[in-house]
Amino acid sequence: MKKIVMNVEEIERSLTRIAYEILEKNRGAESLILIGIRTGGVFLASRLRDRISAIEKREIPFGILDVTFYRDDVATLHKKPKPGRTDIPFSIDQKKVVLVDDVLFTGRTIRAAMDALIDFGRPKMIQLAVLVDRGHRELPICPDYVGLNLPSSLWEKVNVHLSEHIGKDEVVIEEEG
Amino acid sequence: MKLRHKDILGMKELSPEEIHLILDTADSFSEVSTRDIKKVPTLRGKTVINLFYEASTRTRTSFEIAAKRLSADAVNISTSTSSVVKGETLIDTAKTLEAMNPDIVIIRHSASGAPHLIARLVRHSVINGGDGFHEHPTQSLLDMLTIRRKKGTLKGLNVAIIGDIAHSRVAHSNIYGLTKMGCRVTVCGPAPMIPRDIEKLGVAVSSDMEEAVRNRDIVMMLRIQFERHQASFPSIREYAKFYCLNRERLEMAKPDALVMHPGPINRGTEIAPDIADGVQSVILEQVTNGIAVRMALLYLLSGGSS
């Protein structure tokens, strides 16, 4: 069972809206930084960066964060997840950091990402943008920008497919098994 | 994908897939050492013990820094100040340490096979930090990471390993590792330093340094293991005359050839000072990459429930 809950156009429109919301909330792009969480968040952050840069006519710094080293289950996992490379080639001190991820679920990835960011410096604030919020939080984390609120069951899988990664742009909901 | 064994004992036991996994993981860890705050919480609460029965600066320090940058607790035991001087056997020392519940113990010993013996007797992971003339797998892995980062790949490269092959565990580990990864390896040195039948490991042998260096992508120099030569060494000057890597000999290699050395270097004996400090030398990058490789191994071995 596979159901498409967002198609190409819907994803594009959501990202455009989020780009404007980020600029509205922060009153422009002054000291704004976008950081994508590996893997899905990186492509979304890069697309948001292109939109915001085009609107504001200036380059917005863009970084990549891998949270594997900060996961709360990594010490107890027998099969270790393969870490990716973090690339934040600028200071985040006193910057407004927008973290970008594809799906917000338990909130544990975002907790790990915030701990990682604090090790890189002292941002002025951290905001969170996600394409899909599927609920089921296990930590007190709330996104600032959401593409789609998607109430889901625990046994369902929500996958964001992006053309940079796999095939075409779509968000699908799949039942496990 | 995960490692098949609880221990890292030698390059002989690792598959090409495992080597790729270790190198890819090390690539990601190398970024941590470039940060202002060079520490991640990944191995919080894990205990790593360095049990070194032989002198070491870089390997022991590198493992200690790797453990600390992962937030593990690192303990160093140097045998001159331990119960070893009171007559305790290697096995008794290892079992005593096991009773303190470490997660990973790194063992360096002058007897070939010592880490293998201990690995069979204990529950925790063992990493071979160098055993006798046998193997030094973490050195080989950091050499491979250095080559891969500079050349993009290991496959198809021509490598010359020059010096005291017979007494060098670095040479043995690199012969196993590099041939497995698709390099063509030539070993070169004076006849008494070349083990008989070394060709059976899939390497070419040469006693002429110029022939060994010609058109190579990598020139890897080795220190003479004076401490492992039973009789006194005939003549350092004579050795240097035939086997020192100088400007003239390096020019026989490819123009972009890398010069490597596991250290410590003896300037003027196996490598000329201007070559050790020259643009083609990656000797200090090898040291930097050693920390990333050891972080990757500690990470991949640090158990957990299945």
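Throughout, residues of each chain are indexed from 1 in the direction in which the sequence is written. As they are written, the chains are lettered A onward and the ligands numbered 1 onward, keeping that order. Owing to the predicted nature of the model, reporting of local features is limited to residues with pLDDT of at least 70; listing and counting of side-chain atom pairs is limited to 80 or more, with chain, interface and lining totals taken over all residues. Side-chain metrics rest on all non-hydrogen atoms present in the structure, leaving aside hydrogens and water.

K.L.:
Please set out the interface of chain B and chain A residue by residue, giving values where relevant.
P.N.:
Contact between two residues is taken to exist if any of their heavy atoms lie within 4.5 Å; hydrogens are not considered. If you look at the interface, chain B gives 26 residues, while chain A gives 18 residues. By buried area we mean how much accessible surface two parts lose on assembly, using a 1.4 Å probe and totalling the loss over both. A combined buried area of about 2,000 Å² lies between chain B and chain A, and 55% of that area is made up of carbon and sulfur atoms. Considering only the surface of chain B that becomes buried against chain A, B:S28, B:R35 and B:Y299 emerge as the three largest contributors, covering 26% of it. Note on definitions: salt bridges are taken to be side-chain nitrogens of Lys or Arg within 4 Å of carboxyl oxygens of Asp or Glu. Scanning the region where chain B abuts chain A turns up 1 salt bridge.

K.L.:
Which residues make up the sheet that holds strand β5 (residues 158-162) of chain B, and what values do they have?
P.N.:
Residues and elements named next belong to chain B. In short, DSSP must find at least two bridges between two strands for them to pair. A run of H or I in DSSP becomes a helix once it reaches four residues, and a run of E becomes a strand once it reaches two; helices and strands are each numbered from the N terminus. The sheet built from 5 strands is open, its strands ordered β7-β6-β5-β8-β9 with parallel pairing. At either margin of the open sheet sits one strand with a lone partner, and together these are β7 (204-206) and β9 (258-260). For this sheet the average axis-to-axis angle between neighbouring strands, irrespective of direction, equals 20°. Across 3 bridges, strand β6 (residues 184-188) lies against β7 in parallel orientation. Paired with T186 across the strands is A204, a residue of β7. Between the N-to-C directions of two axes lies an angle of 0 to 180 degrees, each axis being a line fitted to C-alpha atoms and, for a helix, fitted only over the stretch in contact.

K.L.:
Go over the environment of A:M6, please, and point to the residues and values.
P.N.:
Residue and element names in this part refer to chain A. Note that M6 resides in strand β1 (residues 2-6). Counting along the chain gives 13 residues from M6 to A19, while the straight-line C-alpha distance between them is 18 Å. In this structure, M6 is in contact with I11, S14, L131, V132, L148, E170 and V171, ignoring residues within four places of it in sequence.

K.L.:
Pulling in residues and values, what's your account of the sheet that holds strand β2 (residues 73-78) of chain B?
P.N.:
Hydrogen bonds between backbone atoms are what pair the strands of a sheet, whose relative direction is either parallel or antiparallel. Residues and elements named next belong to chain B. Read across the sheet, 4 strands follow the order β2-β1-β3-β4 without closing on themselves; strand pairing throughout is parallel. Edge positions in the sheet fall to β2 and β4 (125-131), since each of these pairs with one other strand and no more. Averaged over all pairs of adjacent strands, the angle between strand axes in this sheet comes to 15°, irrespective of strand direction. Bridge count between strand β3 (residues 104-109) and β4: 5 bridges; the pairing is parallel. Residue pairing across strands places I106 opposite I127, the latter belonging to β4.

K.L.:
Break down the packing of helix α1 (residues 16-29) of chain B against helix α5 (residues 137-151) of chain B for me, with residues and values.
P.N.:
The relative placement of two packed helices is expressed as an angle between their axes plus a distance between the axes. All names here are of chain B. As a packed pair, α1 and α5 sit with axes 10 Å apart at the nearest point and diverge in direction by 70°. Relative to α5, α1 is oriented roughly perpendicular. Pair α1 / α5 crosses with right-handed handedness. From α1, I19, H20, I22, L23, D24, A26 and D27 reach across to α5, where they touch L141, M144, L145, R148 and R149. Here the angle decides the label: under 35 degrees means roughly parallel, over 145 means roughly antiparallel, 65 to 115 means roughly perpendicular, and every other value means oblique. Left-handed describes a crossing in which the near helix is turned anticlockwise from the far one by less than a right angle; the clockwise case is right-handed.

K.L.:
With reference to specific residues and values, describe unusual backbone geometry.
P.N.:
Residue A:T39 is bonded to the preceding A:R38 through a cis peptide linkage, with omega at 0°. The topology assignment puts A:T39 in the loop between β2 (32-37) and α2 (40-56). Between B:G263 and B:P264 the backbone carries a cis peptide bond, its omega angle lying at -5°. Tracing the backbone through its elements, the reader meets B:P264 in the loop between β9 and α10 (273-276). Positive phi values are uncommon outside glycine, yet B:D197 reaches one of about 65°. Position of B:D197 relative to the elements: it lies in the loop between β6 and β7.

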